[in-house]
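# Summary of the model geometry
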Amino acid sequence: MEGLEPPTLVREVWERFGDASVFTTSLGAEDMVILHMMSAMEVGMEVVTIDTGRLPEETYALIGEVERFLGIRVKVYFPDTGEVEEMVRRHGVNLFYDSAEKRHLCCYVRKVRVLERALKGRSAWVSGIRRGQTEARANTSRVEWDSVHGLWKFNPLADWSYQMVWAYIRENHVPYNALHDRGYRSIGCAPCTRAVREGEDERAGRWWWESGVKECGLHTGWVPADFRLGGR
Ligand code: SF4
């Protein structure tokens, strides 16, 4: 399946894995391309997004547009209330600005733990990641075995460039997050994302106060050292 073009690959995953397959999306530009392909190819795979509780308003608006214009219902998963409460009581609402460890903890509680739940019982996971996005994604293939979650992972746009993604969006009139028109390139939670300046890296607007790898852990399998919630 590695050699299949993105729309064919997505359809093939759906035909082979059916309800055991899932597409997880943060509604980024790449994800919008895949959602458009799914809509055009009538792929009925479940589409899941994670509402961390800190998303920008524009992302919520886009969820509505996906449902309205692409005819795809997005299943929204939320973090565990008890885990979020425990974390916030210990570290404060904006803990992510304090240290990289606390930022990883927040991403772990609000995203990674939720993803684990969304992938439970699945055999195939489709994602919109590309090799060019971060150093940690440089070896991404279209088809991979994900040993962290014990399933096949499909990244249809693994070898696409940022320019290819936007050419597809413009050509096919695909809806996208309004923040992109205000200089945002990669979009995550509101307090952790800013617009990117001319010449900056596409991930420069994510956790801009940190240096090093710009990842939340969804695609790396990190577990923060200080995940000590509710006695764990
Ligand atoms: Fe928390 Fe920021 Fe990660 Fe969102 S991106 S889960 S607010 S640290």
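Residues numbered from 1 in each chain as written. Predicted model: local features only at pLDDT ≥ 70, side-chain atom pairs only at ≥ 80, totals over all residues. Heavy atoms only, no water.

All residues adjacent to the ligand are Phe96, Arg103, Cys106, Cys107, Arg110, Lys111, Cys189, Cys192 and Trp207. Its residues assigned to classes, the shell around the ligand shows six nonpolar, no polar and three charged. (Near = heavy atom within 4 Å. Nonpolar A, V, L, I, M, F, W, Y, C, P; charged D, E, K, R; others polar.)

Between the first and last C-alpha of helix H1 (residues 6–17) there are 16 Å, a value that for 12 residues agrees with the 16 Å anticipated at 1.5 Å per step. When we look at burial in H1, the residues that qualify are Pro6, Leu9, Val10 and Val13. Looking straight down H1, one finds that the buried residues subtend no more than 100° of arc, so they occupy a single side. Contacts from the buried residues of H1 go to strand E1 (21–24), helix H2 (29–40), strand E4 (124–126) and strand E6 (151–154). Just beyond H1, the residue with positive phi is Gly18, at close to 50°. (Helix = DSSP H or I, 4+ residues; strand = E, 2+ residues; numbered from the N terminus. Expected span 1.5 Å × (residues − 1). Buried < 20%, exposed > 50% of the residue type's maximum accessible area, 1.4 Å probe, protein only. Arc of directions from axis to C-beta. Contact = heavy atoms within 4.5 Å.)

Below, the discussion takes up the UniProt feature "domain: Phosphoadenosine phosphosulphate reductase" (unreviewed entry) in the chain. When the UniProt feature table is mapped to this numbering, "domain: Phosphoadenosine phosphosulphate reductase" (unreviewed entry) covers residues 22–195. With 39% helix and 13% strand, residues 22–195 has its two end C-alpha atoms placed 30 Å apart. (UniProt positions renumbered as here; feature names shortened; annotations may be inferred.)

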